[in-house]
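As a plain string of letters, each chain reads:
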Amino acid sequence: MPGMVVFGRRWGIASDDLVFPGSVELLLRVIWWIGTLFLFTYHKGHFDCNGGGILHSYLVGLLVVLGLIILSLCAIVYVSAQGTITNPGGRRSMPALVYLRALLYIPELVWACLGAVWVSDESRGCDPATVGAVITAVIASWIILLFTGLGVVFVFDPMGSPRLQPGPAEPLGARDMESSGSTQFLSTARSLAAKVWECRLRLLCCCLPQDESHRAAFSSISQLLSDFFSDTDLVPSDIAAGLALLHQEQDKMERSRDPEEIVSHSPSSPIDQDLQTELEKAAHCMQFAAAAYGWPLYIYSNPFTAPCKLSGDCCRTSAAEYDIVGGDHLGCHFSSILQTTGLQYRDFIHVSFHNQIYEIPFFVALDHKREAVLVAVRGTLSLKDVLTDLSAECENLSVEGVSGACYAHKGMCQAADYIYRKLINDGILNQAFSIAPEYKLVVTGHSLGAGTAALLAILLRTSFPTLQCYSFSPPGGLLSKALVEYSKDFVVSVVLGKDLVPRLSIPNMEDLKRRILKIVANCNKPKYRILLQGCWYELFGGDPDDFPTEMESRREELLSQPLLGEESLVIRHSSSYQSLASDDSPAHTAAHLPLFPPGRILYITEDGPSRRSCFSQVRYRADWSNETAFRSILISPRMLVDHMPDGVLRALNSLCSDSPFSLCPSSLSNNPHISM
C-alpha cells in the first residue's frame, strides 16, 4: 500500500508497518514503567534527600507520561494490525494516533531535561542507587528520542511533498492518460525521481572521483532506477511481504511439478561430446575465475590457512619485482592468485588490478595443464564495479556474419571493449602466443567477469576462431537473442541452483514487480502475519501457506486500480497495475529489449530436498538448459548464496569427483577439492 500521509506529506512507511516497532517500544516502555513504579514505591514518604521534591515530581510525572505513551502504543499496535495490505479501512485512525504519539514526545523531552537537571544539581546526598536509576531513565529517554529522529530520517520520502500530489481522482480510463494534466504529472514525477536517485548514488559513491564518466554513469543509472520504481507505490515492507508470499508459492508449485528429464548432452553439440568433459574443463577454468578476485575471496574460502600463507608473501617482495598494473602495492592479490592457480610467476603474461568504472581487473596467464592462453576477468568487488553492473541499458554490438538485432549490456560491453583494446593494442596476446604459439585461447570470468568474458570472446572470435569461453554465473540481461545463438558455438555458461544474477534483467525485474503487485493485492492476511510466517518458513521450513485471497469475488476491472483508496503519489494508470488483471494483458508487453545469458547453459542443481541440516551431505547433478529457462526470478534464501564463486567451484568439483560435500562451513575449508 502507499506510504502513510501525515504532517502534510507522504512517508516511506505504511499504516500497517507499526506493529513490530510499536511492539518493541511497548515492551521497553512497560519494563521502564514497572521500574519507575518500584523506585517511586521504594521512596514513597521519605523523599528527604537534597532535591527530594524535584525527584518526587520527576517520578510522578514520569509515571504519567510513560502511562500515556503505553496507552498510545497499545492503540497504535492494535490499529496497525487491522485490515490487510490492500484493505486499510480498519486503520483510518492511524494518522490521529501518530499525531498523539508525536505530541507525547514533548513532555518526555521536558521530563528528560528535568531528570538531567536533578542529577547534575540536586542529587547530592541521595541514595546512589536512586541516582543511578534516574541517570538510566534520562539516558534511555535521550536514546529513544535519538532513534526516533533516525527513524524519521530513514522513512523520509523525498517525493512525498504535497506539491507533487496528483489532482482529485477521476474515473479511470484511457482518456485520463492522454490528458495534459496526467502527462505533466507523469513527467514531473519521473524527473524528480531521477534527481533523487542521482543524489542517492552520488552520496553512496561520494568517495569516487566526480569526473565526466562517473557523472554520465550516475545519470543513466538514476534514470533506469526511476523508470523502474516510478509506476508503483509500495513501501519496502510490502515488497518484503510479496517476496515471502512468492517464495512459498514457488515452493508449492515446485513440489507439485513432475520430475524433469535429465539431458546428458548439450543440444547444440555432437551427441558424443561427453558432459563429464565439459564439467572438468569448467571446474578447471573456475579456479582461474575465482583467483581473479584476489585475496578477499582467497581468505574467505580458506579462513584458517590463508592469512598465514599470505602474511609472508604480501610484504616480502617489492612492487618493482612484479610487473603488475594498479592497486596491488603489497602484492597480496598476486600472491593469492599464485596460491589459487598453482602457477609460477613466469606463467603470467599480464596482471592488471586497475579498477575504474567500465575498466575491471583481469590477468593473462599460460595454462600449461590445458595448453591454453587463459584470460580471467574479475567479478564485482568494488563500488566502481557496481556502477558498471547497473549500467544496464542496451548498447549496439555489431558482429560480422550475425543476422538479427545485435545488442548487449552497456556497462559490460564497454568493459569488454577496454580489455579487448589492452589485449590487442598493447600486444599482450601477441606476447603470449609468441611464447606458446600452439596454445588455444580461453576466456573466463564469474558474475560481472562472466558477462565481460562472454562479450570479450565475441569481440575476439574473428581473430581467434578456436577460442573457448567459460562464463560462470553470468548476468541474465547480457545478450540479444541473435548474439546468444551466435555465442553457443564457443561459450559455455555455468549456473548453480537458484542463483539470482543469471535471471536478472530489466524485463525479469518488471515481471517480478508485476507478480509482487498481484500476489500482494490478492492476499487477505495482515502484513505482520505474512512477515512472521515468512520468517518462520525461511528459518525452519514446513509446508507453504496457502494464503487464501479476498480478491476472487471482486470485479476484474478493480484490479487495475492502485492498492489503496486514500490519496497517494501512485501513477494510477501505470502498466504495472493494469497488468494485475491478467498475465496476458497488453500492458504486460515487455517495454524493454529482451536480453539473455550467453552461450550454452550448464545448469547445476542439488539432488534431494532443498532443506538440509548443516552436517548433511550434498550431491549435485548437471543438465543442459537454454536461455529461455531463466526468464523468471526465483525467490529463495539461496538466490545469493548460489551466486558465490566458492559455491560454484564446490559444486563443479563435486560433480567431477562424484563425491558429496558437507554444508558446514568448517568442512569447506578442509576439503581438498576447494582449497585454493
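Residues numbered from 1 in each chain as written. Predicted model: local features only at pLDDT ≥ 70, side-chain atom pairs only at ≥ 80, totals over all residues. Heavy atoms only, no water.

Describing a nonpolar patch on the surface
Here is the rule we go by: The residues that make up patches have over 30% relative accessible area and no salt bridge, and they are joined within 9 Å when like-charged or within 5 Å when they are Val, Leu, Ile, Met, Phe, Trp or Tyr. To be clear on the numbers: accessible area is Shrake-Rupley with a 1.4 Å probe, and residue cover counts the displayed protein chains and nothing else. In what follows, salt bridge is the name for a side-chain nitrogen of Lys or Arg lying within 4 Å of a carboxyl oxygen of Asp or Glu. Helix and strand labels come from DSSP, where a helix needs a run of H or I of at least four residues and a strand needs a run of E of at least two; each type is numbered from the N terminus. Throughout, exposure labels follow a simple rule: accessible area from a 1.4 Å probe, protein chains only, divided by the maximum for the residue type, with under 20% read as buried, over 50% as exposed, and the rest as partly exposed.
Residues I135, I139, I143, L146, F147 and L150 make up a contiguous nonpolar surface patch of roughly 570 Å² in combined accessible area. Structurally, the position occupied by L146 is in helix α5 (residues 128-154). Of the residues examined, L146 reaches a relative accessible area of 52% and is grouped as exposed.

Observations regarding a positive patch on the surface
As a reminder, the rule being used: Under the convention used here, Asp and Glu are negative, Lys and Arg are positive, and both His and the chain ends fall outside the count. To locate a charge, the coordinates of NZ of Lys, CZ of Arg, CG of Asp or CD of Glu are taken.
Together, K281, K369, R370 and K440 make up a region of like positive charge exposed at the surface. Exposure remark for R370: the relative accessible area of 31% places this residue in the partly exposed category.

Considerations on the pairing of strand β4 (residues 348-352)
Where we set the bar: Pairing between two strands is assigned when DSSP locates at least 2 bridges connecting them.
For β4, the buried fraction is high: five of the five residues fall into the buried class. Sheet topology places β4 next to strand β5 (residues 362-367); four bridges connect them, and they run antiparallel. Looking at β5, one finds that S352 is bridged to F362.

A few points about the packing of aromatic side chains
Selection criterion: Put simply, two rings from Phe, Tyr or Trp (the six-membered ring, in Trp's case) pair if the centres are within 6.5 Å, and we call them stacked under 30 degrees between planes, edge-to-face over 60, tilted for the rest. Look at NZ for Lys and CZ for Arg. If either is within 6 Å of the ring centre and within 35 degrees of the ring normal, a charge sits over the ring.
Scanning all chains against the criterion turns up nine aromatic pairs. Relative to F156, the ring of W11 lies with its centre 5.9 Å away and its plane at 75°, an arrangement referred to as edge-to-face. Residue W11 is found in the loop between β2 (9-10) and α1 (19-43), and its partner F156 is found in the loop between α5 and α6 (174-178); the two are separated by 145 residues along the sequence. Taken together, the ring pairs connect F334, Y345, F348 and F363 into an aromatic cluster. When the ring centre of F596 is taken as origin, the NZ or CZ atom of K481, which lies over that ring, is 5.5 Å away.

Observations regarding the pattern of salt bridges
With the rule as written, the count across this model stands at 22 salt bridges. Residue E108 pairs with R29 through a salt bridge whose shortest N-O separation is 2.8 Å. Residue E108 is found in helix α4 (residues 105-122), and its partner R29 is found in helix α1; the two are separated by 79 residues along the sequence. We classify R29 as buried; its relative accessible area is 0%. Linking E627 and K481 is a salt bridge whose minimum nitrogen-to-oxygen distance equals 2.2 Å. Taken together, the positions of E627 in the loop between β14 (620-625) and α22 (638-641) and K481 in helix α18 (residues 481-487) put the pair 146 residues apart, joining distant regions of the chain.

What to know about the confidence of the model for the chain
Note that predicted coordinates carrying low pLDDT should not be read in detail. Definition in use: pLDDT is defined as a per-residue confidence score from the predictor, taking values between 0 and 100. Residues count as neighbours in contact if any of their non-hydrogen atoms are within 4.5 Å of one another.
In the predicted model, the chain carries a mean pLDDT of 80, and the fraction of residues at 70 or more is 77%. The lowest-confidence element of the chain is helix α24 (residues 665-668), averaging 38 in pLDDT; the highest-confidence one is strand β10 (residues 468-472), averaging 97. With pLDDT under 50 throughout, residues 260-272 is counted as low confidence; its partners more than four residues away or in other chains account for 17 contacts. Contacts for the low-pLDDT stretch residues 550-573, under 50 throughout, to residues beyond four places or in other chains number 67 contacts.

Some remarks on the nonpolar core
How we decide: Grouping buried Ala, Val, Leu, Ile, Met, Phe, Trp, Tyr and Cys residues that are joined through side-chain atoms within 4.5 Å yields what is termed a nonpolar core.
Judged by nonpolar contacts, the single largest core of 48 residues is most densely connected at V373, V375, L423, L429, L441 and L455. Here the element with the most residues in this core is helix α17 (residues 448-460); it accounts for eight residues. Filtering out sequence-adjacent residues up to four positions away, L423 remains in contact with F362, V364, V375, I428, L429, L456 and L460. The next biggest cluster of nonpolar side chains, apart from the first, holds 41 residues, and it includes F288, A291, V494 and L649.

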